[in-house]
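Inside the fold
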Amino acid sequence: MTQHTEIPSDLLPTTVRDFLTAHIAYDADTASSFLTEDAVIVDQDQTFRGREVVHAFLRDAGSEFEYTTEQIGAHRVDDAHWVVTLRLEGTFPGGLAELDYRFTLRDALITDLVIANHPA
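Rules of the game
Residues numbered from 1 in each chain as written. Predicted model: local features only at pLDDT ≥ 70, side-chain atom pairs only at ≥ 80, totals over all residues. Heavy atoms only, no water. Helix = DSSP H or I, 4+ residues; strand = E, 2+ residues; numbered from the N terminus. Buried < 20%, exposed > 50% of the residue type's maximum accessible area, 1.4 Å probe, protein only. Contact = heavy atoms within 4.5 Å. Salt bridge = Lys/Arg side-chain N within 4 Å of Asp/Glu carboxyl O. Core = buried A, V, L, I, M, F, W, Y, C linked by side-chain atoms within 4.5 Å. Arc of directions from axis to C-beta. Pairing = 2+ DSSP bridges. Axes fitted to C-alpha atoms, helices over the stretch in contact; angles between N-to-C directions. Phe/Tyr/Trp six-rings, centres within 6.5 Å; stacked < 30°, edge-to-face > 60°.

This next bit is on the overall build of the protein. For the protein, the helix and strand inventory stands at 3 helices and 6 strands. When the elements of the protein are put in sequence order from the N terminus, they spell out α-α-β-β-α-β-β-β-β. For the protein, the C-alpha atoms occupy an extent of roughly 35 × 30 × 25 Å along the three principal directions. Put simply, the protein has 120 residues, and 41% of those count as buried. The contacts of the protein with a sequence gap of at least 6 include a subset with a gap of at least 24, amounting to 42%.

Written out as structure tokens, the structure is:
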């Protein structure tokens, strides 16, 4: 599956760490506070644009399932681009997923986030 040879989470930008902490805790208000006004999230080929629409996505995403989340990898692409790999295990179809959260930062806020299956 996934190699665990990347950077520890404490080396991620504070914005990314704090967003993920809030997102995993289902705290859409706090998670949204780390986004630019024109933020875009793409989740499994579905696109959400603007802070209000993205907030609704963050509030509702996965709410019909119970699952645990574990960070299993992270790496820096460059100063503005970071990738965090999360393993979700729960009651959703398939029961196990590894997802890459690909962040783009601008002025210490998240401007783009692409959530996609982690390559096998």
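A separate point is the pattern of salt bridges. Side chains that differ in charge, positive against negative, can pair when their charged atoms come close. Counted under the stated rule, the structure contains 7 salt bridges. A salt bridge links glutamate 70 to arginine 87, with the nearest nitrogen and oxygen atoms 3.9 Å apart. Of this pair, glutamate 70 sits in strand 3 (residues 67-78) while arginine 87 sits in strand 4 (residues 81-90), placing them 17 residues apart in sequence. Where arginine 76 meets aspartate 79, a salt bridge forms, and the shortest distance between an N and an O atom there is 2.5 Å. Linked by salt bridges that have partners in common, Glu70, Arg87 and Glu98 make up one network.

What follows deals with unusual backbone geometry. Notably, tyrosine 26 is not glycine yet its phi reads approximately 60°, a positive angle. Residue placement: tyrosine 26 occurs in the loop between helix 1 (14-24) and helix 2 (28-32). The phi dihedral of aspartate 45 falls on the positive side, at around 75°, and the residue is not glycine.

In this structure, Phe19, Leu58 and Phe103 are the most contacted members of the largest nonpolar core, which totals 29 residues. Elements that contribute at least two residues to this core include exactly helix 1, helix 2, strand 1 (35-43), helix 3 (51-60), strand 4, strand 5 (96-106) and strand 6 (109-117). It is strand 5 that provides the largest number of residues to this core, a total of 5 residues. Beyond its immediate stretch of four places on either side in the chain, phenylalanine 103 contacts Val16, Phe19, Leu20, Ala80, His81, Trp82, Val84, Ile110, Asp112 and Leu113.

What follows covers helix 3. Of all the residues in helix 3, the buried ones are Val54, His55, Phe57 and Leu58. Angularly, the buried residues of helix 3 cover 160° about the axis, an arc narrow enough to put them on a single face. Along its buried surface, helix 3 packs onto helix 1, helix 2, strand 1, strand 2 (46-49) and strand 6. Just past helix 3, the residue glycine 62 takes up positive phi, approximately 75°.

Let us now look at the sheet that holds strand 1. What the 6 strands build is an open sheet, ordered 2-1-6-5-4-3; its pairing is mixed. Looking at which strands have only one partner, the edges of the open sheet turn out to be strand 2 and strand 3. Pairwise comparison of adjacent strand axes, ignoring direction, gives a mean angle of 15° for this sheet. Sheet topology note: the strand 5/strand 6 ladder contains 8 bridges and is antiparallel.

What follows covers the packing of aromatic side chains. For the structure shown, the criterion picks out 6 aromatic pairs. Ring centres of phenylalanine 19 and phenylalanine 103 lie 5.8 Å apart, and the angle between their planes is 80°; on these two criteria the pair is classed as edge-to-face. Here the residue phenylalanine 19 occupies a position in helix 1, and phenylalanine 103 occupies one in strand 5, the gap between them amounting to 84 residues. Ring centres 6.3 Å apart and planes at 80° place the aromatic pair phenylalanine 65 and phenylalanine 92 in the edge-to-face group. With phenylalanine 65 in the loop between helix 3 and strand 3 and phenylalanine 92 in the loop between strand 4 and strand 5, this pair connects stretches of sequence that are 27 residues apart. Judged by relative accessible area, which is 27%, phenylalanine 65 ranks as partly exposed. You can call phenylalanine 92 buried: its relative accessible area is 14%.

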